[in-house]
Amino acid sequence: KFAVDARVLMSIAVSLLFSMALVVGSPWVAAATFGPHAAQTLVIVAVSLPAMTAIGLLSEVLRGAGRQWLAIVVQNVSVPGLAVAGMLGGRMIATRSPGAMECVSVSVWVSVVAAWACWLAVHRKAFGRSYGCLRCSRNDILSVLKDAPYLIFVSSASILMQWAGSVMLGFFATAEDVAGYSVAMRLSIAVSIVHSAAVGVVGPQMSVAHSEKKLRLLARICHSTSLLLVALTWPVLFGLLMFTPEIMRLFGSEYVVYSVILRILLAGQVLAAVLAHSGIVLVMTGHYVSARANSIMAVLVFVSYSLICIWLWGIAGAALAYVLSALTGHLLAVLLVRRNVGIWTVPTGTDDLRSAIAHLRPSS
């Protein structure tokens, strides 16, 4: 409880500072970017910042409490679902349709309140008493501050790489190419919801196995996770690869020409499904320094690859750079786990495969 309280209080405090700064500076930020008309939208974004921050945190809390699917709904489904419902409902019953950002802001706050209510219910069921007020000790705060510098970059590196490609491509390609690349990128990472669910289930198991020094069990969990991710994501990915033009046509006939970009990105996802949990193993086993170093290396490799590949092959080069840098980061994570923990996170022989399959079978 105190660990959750410390993180909730700190995230709210930090996000409130950014929120107030954005409210005050919205006229200047709007004038320097999208124009004065964007100031109101920036204020709405600022009001939503504390809730946006809390959503990710509460979803991880629910994962740690064993409510993985509820965590996925909170983090990935509730906000877009409520926002779309709000826009459609507002258009049907109101003379003035609510703006997209207004609906998103309301949806974020509703989702946070619902997520906090779920956490209170989980806590009450587990301990048989009400939660009480938010409290944390000085040691809790210091612990968060000690780990935060390492974990901030680890958690943001993948997001940075997803968006940085579009930004860098904007200096070399047309607006149409940037839009096509962005659509392909969003589609290719759709399977990340499945990755999040699988890792949310096994993450605590990895941490417990490592803390109890059960390295064979930890290796078995990692190997079964690889097989699980392959079984869950490869059918979807191969389906997307087969029907890529038809899927891109859903966004407009002009996007069909970017089918090859989506196929490049999907090919990378097929390979990454086997390795993508290796970085999580570093975090769950407490090797934050190595996890941060791995993330920094992945971003640096991505920037280097992007500059070369975009210059040589344009938009296809941007997709190739993302795939190569992501695979480089995953492979490096595998080697770092081997060095720091002493196990391979992927099966390396038939014995590992049999053990992983047995681990996935429900016990009788």
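Look a little higher up for the structure.
These remarks concern the structure in this document. (Residues numbered from 1 in each chain as written. Predicted model: local features only at pLDDT ≥ 70, side-chain atom pairs only at ≥ 80, totals over all residues. Heavy atoms only, no water.)

## As for the environment of asparagine 76
Mapped onto the secondary structure, asparagine 76 falls in helix H3 (residues 68-93). Spatially, the C-alpha atoms of asparagine 76 and isoleucine 55 are 9.6 Å apart, while their sequence positions differ by 21 residues. (Helix = DSSP H or I, 4+ residues; strand = E, 2+ residues; numbered from the N terminus.)

## Observations regarding the nonpolar core
Grouped together as the largest cluster of nonpolar side chains are 35 residues, with contacts concentrated most on Leu169, Tyr181, Met248, Ile261, Leu265 and Tyr322. Counting only elements with at least two residues in this core, the list comes to helix H5 (138-169), helix H6 (175-188), helix H8 (215-242), helix H9 (244-249), helix H10 (259-275), helix H12 (288-313) and helix H13 (315-340). Core analysis: the next-biggest nonpolar cluster, separate from the first, contains 17 residues, Ala51, Leu58, Leu62 and Val74 among them. (Core = buried A, V, L, I, M, F, W, Y, C linked by side-chain atoms within 4.5 Å. Buried < 20%, exposed > 50% of the residue type's maximum accessible area, 1.4 Å probe, protein only.)

## Concerning the packing of aromatic side chains
By the definition in use, this model includes three aromatic pairs. Ring centres 5.9 Å apart and planes at 80 degrees place the aromatic pair tryptophan 234 and phenylalanine 238 in the edge-to-face group. With tryptophan 234 and phenylalanine 238 both in helix H8 and four residues apart, the pair spans about one turn of that helix. Of the residues examined, phenylalanine 238 reaches a relative accessible area of 39% and is grouped as partly exposed. Ring plane angle 50 degrees and centroid distance 6.3 Å describe the contact between tyrosine 255 and tyrosine 258, whose orientation is recorded as tilted. Exposure remark for tyrosine 255: the relative accessible area of 15% places this residue in the buried category. (Phe/Tyr/Trp six-rings, centres within 6.5 Å; stacked < 30°, edge-to-face > 60°.)

## Here we look at the packing of H12 against H13
As a packed pair, H12 and H13 sit with axes 8 Å apart at the nearest point and diverge in direction by 155 degrees. The pairing of H12 with H13 is recorded here as roughly antiparallel in orientation. Remark: the crossing between H12 and H13 carries right-handed chirality. The class makeup of the residues in the contact of H12 with H13 is 18 nonpolar, eight polar and one charged. (Axes fitted to C-alpha atoms, helices over the stretch in contact; angles between N-to-C directions. Parallel < 35°, antiparallel > 145°, perpendicular 65-115°, else oblique. Left-handed = near helix turned anticlockwise from the far one by under 90°. Nonpolar A, V, L, I, M, F, W, Y, C, P; charged D, E, K, R; others polar.)

## Focus on H13
With 26 residues, H13 should cover 38 Å at 1.5 Å per step; its first-to-last C-alpha distance of 38 Å lies within 8% of that length. Positive backbone phi, approximately 95 degrees, marks glycine 342, located one or two places after H13. (Expected span 1.5 Å × (residues − 1).)

## Concerning a nonpolar patch on the surface
A cluster of nonpolar side chains, contributed by Val167, Phe171, Phe172, Val303, Leu307, Ile308, Trp311, Leu312 and Trp313, occupies part of the molecular surface with about 1000 Å² of accessible area. When you line up the elements, leucine 307 lands in helix H12. Assessed through its relative accessible area of 46%, leucine 307 is described here as partly exposed. (Patch = residues over 30% accessible without salt bridge, like charges linked within 9 Å, V, L, I, M, F, W, Y side chains within 5 Å. Areas by Shrake-Rupley, 256 points an atom, 1.4 Å probe, with all protein chains shown as cover. Salt bridge = Lys/Arg side-chain N within 4 Å of Asp/Glu carboxyl O.)

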